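Observations on the model geometry
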Amino acid sequence: MIIRIEDAEKYDGKEATVQGWMYNKRGSGKIYFLQLRDGSGMLQGVAADGEAPDEVMKIAEELTMESSVRATGPISKHPKWEGVYEMQIKKIEVIQMCKDEFPISKKEHGPDFLLDNRHLWLRSKKQWAIQRIRNTVINATYEYFANEGFIKIDSPILTPSACEGTTELFEVPYFDEGNAYLTQSGQLYLEAAIMSHGRVFDFGPVFRAEKSKTRRHLTEFWMMDAEAAFVEHDENLKIQEELICHIVNKCLEINKLELKALERDIEPLKKVKAPFIRKTHAEVIEELRDMGSDIGEMDDLGADDETMLTEKYDKPIFVEKYPSAVKAFYMKRDPEDETRALCADLLAPEGYGEIIGGSQREDDYDVLMERIKEHNLDPKVFEWYLDLRKYGSVPHSGFGYGLERIVGWISGVHHIRETIPFPRMINRLTP
Ligand code: 4AD
Ligand code: MG
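From a predicted model like this one, the values you see are computed outputs, not experimental measurements.

1. Description of the sheet that holds strand β9 (residues 171–174)
Taking strand neighbours across the sheet as the criterion, the three strands line up as β8-β10-β9 in an open arrangement whose pairing is antiparallel. Because the sheet does not close on itself, it has two edges, and the strands there are β8 (158–159) and β9.

Written as structure tokens, this is what we have:
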């Protein structure tokens, strides 16, 4: 019976076959411990002289790291390690012995070497754990929105206009139409879709020709945008709070082994409960200045400011009402202070910084037209978007999260390049 290692528990005391790769080996001559993995989990294969057939001992001796095998034998609980299962190998078949020594070994490798070998690095235990957490974040997101009555709408990737400012656009030649741009966010299209469905979300790759080489920036990343009709600023934050709590809870529930493999301290994650901390941009500026930052009153928060601020807290922080001058054209202004937007960024604690950007949207035709002109955007390309303010406009809000930033925070990894299978950065396009 071929089983998946994650099901080993059900075969305690019974014979089974697993197929996978040998990721590590200990022992010599008398006894070998072959660490086997099949994607679903890890199992310790034991080949002891006198108990295992000679043929098994011979293969155990010769088997090299990352060679693929099929092994059969009785399964039992590991005598000491909780949650780990063992197999006394009675039969082993080599599917492929590696042609060369596996390039990634137990010793320390530099980030460039690991990134050049990303196609192989993905097999490492921590990288395995991060992708499993990413999968949980994706599933938890779909689950939350399905339960809350949001339907998934797929927004286009090739677009005629910019959503988030024109300086970070990837251009693609597009037949007789001139240039198309790779999308920065599906938001504008979701605003059309809410007038049909009320509550919608999208989830897909987005592109930013960001010149920034920080640990928080990729040129291709995955964004989830959500948008809802009749939702105003406060309710917009409440949806984000619930979504993030749901995601973190799911990871704590499903990814215990993965978080342990990553040596992630889960105490701060357990504190991620509503209500989150809420501060205005003006309050945050004062706080940052008290901490020694030279940030200006109406400045956007820089990466260092976000790190400094969020290191102080163990709960996510909403920073509300940024100066409208540093935010996108579509954001509605705060009626109490026209210099500020009805927006919020959600910053993850422990130094991680912005994971969500969102706002209430400008729903008045004339005001929106004015903003488009102020931002030096071409009203012609936004005609369809302006139409949404002509035919039954309603108050509405939405937000977008960066999947890699959320996975980075939950996994506790420093640089988000480890959270996407094949990272794209200004100086990296391969593998
Ligand atoms: O704050 P941003 O630019 O917001 C938007 O694009 C809105 N249209 C979203 C919306 O309201 N529907 O981007 C949203 C999130 C950020 O909070 C951040 O988590 C992530 O996307 N992000 C990046 N992640 C990785 N690399 C980059 N270069 C990123 N730029 C933004
Ligand atoms: Mg933002």
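Now, onward.
2. Some remarks on the side chain of E227
You can see E227 is positioned in strand β12 (residues 220–229). Overall, E227 belongs to the buried group, its relative accessible area being 1%. A polar atom in the side chain of E227 sits 2.8 Å from the side chain of R361.

3. A closer look at the site of ligand 1
Close contacts around ligand 1 come from 23 residues, with E164, Q187, R208, D225 and E354 the closest. Contact distances for ligand 1 include 2.9 Å between an oxygen atom and a backbone N or O atom of I355. Summarising the interface, the protein chains cover 94% of the accessible area of ligand 1, which totals 620 Å² for the free molecule. It is strand β18 (residues 353–360) that provides the largest number of residues to the shell around ligand 1, a total of four residues. Each residue belonging to the shell around ligand 1 can be placed in one class, and the counts come to nine nonpolar, six polar and eight charged.

4. Some remarks on the environment of P111
In this structure, P111 sits in helix α2 (residues 111–116). Judged by relative accessible area, which is 46%, P111 ranks as partly exposed. Taking the C-alpha atoms as reference points, P111 and L368, separated by 257 residues in sequence, lie 46 Å from one another.

5. What about the packing of aromatic side chains?
Applying the stated criterion across every chain yields a total of 15 aromatic pairs. Ring centres of F145 and F201 lie 4.7 Å apart, and the angle between their planes is 20°; on these two criteria the pair is classed as stacked. Separated by 56 residues along the polypeptide, F145 in helix α4 (residues 125–147) and F201 in strand β11 (residues 199–207) bring together distant segments of the chain. The buried category is assigned to F145, whose relative accessible area is 0%. Given a relative accessible area of 3%, F201 falls into the buried group. Ring pairs connect the aromatic residues Y142, Y144, F145, F150, F201, F203, W222 and Y401, which therefore count as one cluster. Above the ring of Y352, the side-chain terminus of R215 is found at 5.9 Å from the ring centroid.

6. Overview of the nonpolar core
Soluble globular proteins tend to bury their nonpolar side chains together. Counting residues in hydrophobic clusters, the biggest one holds 45 residues, and the most contacted among them are V137, I244, Y401, W409 and I410. In terms of residue count, the dominant contributor to this core is helix α6 (residues 233–254) (nine residues). Ignoring sequence-local partners within four residues, the contact set of I410 consists of I133, V137, I247, V248, C251, L259, R264 and L269. Judged by nonpolar contacts, the second largest core, of 27 residues, contains L188, L309, M369 and L377.

7. A word on a negative patch on the surface
A contiguous patch of negative charge on the surface is contributed by E283, E286, D290 and E297. Among the structural elements, E283 can be located in helix α9 (residues 281–290).

8. Re the domain arrangement of the protein
The domain architecture assigned to the protein consists of domain 1 (5–96) and domain 2 (118–418). When each unit is reduced to the centre of its C-alpha atoms, the spacing between domain 1 and domain 2 is 45 Å. Of the residues lining the interface, eight residues belong to domain 1; the matching set on domain 2 comes to four residues. Buried area between domain 1 and domain 2, both sides added, is near 500 Å², and the carbon and sulfur share of it is 49%. Considering only the surface of domain 1 that becomes buried against domain 2, R37, G39 and M42 emerge as the three largest contributors, covering 58% of it. Taken together, the links from domain 1 to domain 2 amount to one salt bridge. Between E66 and R123 there is a salt bridge, with its nearest N and O atoms 3.0 Å apart. Seen at the junction of domain 1 and domain 2, the total is three residue pairs in polar contact (both at pLDDT 80 or more). Grouping the constituent residues of the side of domain 1 that touches domain 2 by class yields two nonpolar, three polar and three charged.

Cut-offs used in this document
The numbers attached to residues start from 1 for each chain and follow its sequence in the written order. Going through the entries in the order they are written, you letter the chains from A and number the ligands from 1. It should be noted that, the model being predicted, local features are given only for residues of pLDDT at least 70 and side-chain atom pairs only at 80 or more, the latter also being counted only at that level, while totals for whole chains, interfaces and linings use all residues. Heavy atoms throughout the structure, all of them, feed into the side-chain values; hydrogens and water do not. Strands were regarded as paired on the criterion that DSSP finds at least two bridges between them. Each helix is a run of DSSP H or I of at least 4 residues and each strand a run of E of at least 2, with the numbering of both proceeding from the N terminus. Under the scheme applied here, a residue whose accessible area is under 20% of the maximum for its type counts as buried, over 50% as exposed, and between as partly exposed, the area being computed with a 1.4 Å probe on protein chains only. By the criterion applied in these results, polar contacts are pairs of N or O atoms within 3.5 Å in which, for protein atoms, one can donate a hydrogen and the other can accept it, and in which residues neighboring in sequence qualify only through two side-chain atoms. For each residue, the test is whether any non-hydrogen atom lies within 4 Å of the molecule or strand; if one does, the residue is near. In this description, accessible areas are obtained by the Shrake-Rupley approach with a 1.4 Å probe, and a residue is regarded as covered only by the protein chains that are shown. Ten residues, namely Ala, Val, Leu, Ile, Met, Phe, Trp, Tyr, Cys and Pro, are considered nonpolar, four, namely Asp, Glu, Lys and Arg, are considered charged, and the remaining ones, Gly among them, are considered polar. Here a Phe, Tyr or Trp ring, Trp counted by its six-membered ring, pairs with any other such ring whose centre lies within 6.5 Å, and the pair is stacked when the planes are under 30 degrees apart, edge-to-face when over 60, and tilted otherwise. Working rule: Lys NZ or Arg CZ, within 6 Å of ring centre, within 35 degrees of ring normal, means a charge sits over the ring. Here, nonpolar core refers to any group of buried Ala, Val, Leu, Ile, Met, Phe, Trp, Tyr and Cys residues whose side-chain atoms link them within 4.5 Å. Should any heavy atoms of two residues lie within 4.5 Å, those residues are considered in contact. Each patch is built from salt-bridge-free residues with over 30% relative accessible area, joining like charges within 9 Å and nonpolar side chains (Val, Leu, Ile, Met, Phe, Trp, Tyr) within 5 Å. Salt-bridge detection follows one rule: a side-chain nitrogen of Lys or Arg within 4 Å of a carboxyl oxygen of Asp or Glu. In this tally, Lys and Arg are treated as positive and Asp and Glu as negative; His is ignored, and so are the chain termini. Here the site of a charge means atom NZ of a Lys, CZ of an Arg, CG of an Asp or CD of a Glu. Segment limits for the domains were obtained from an automatic or database-derived domain assignment. By buried area we mean how much accessible surface two parts lose on assembly, using a 1.4 Å probe and totalling the loss over both.

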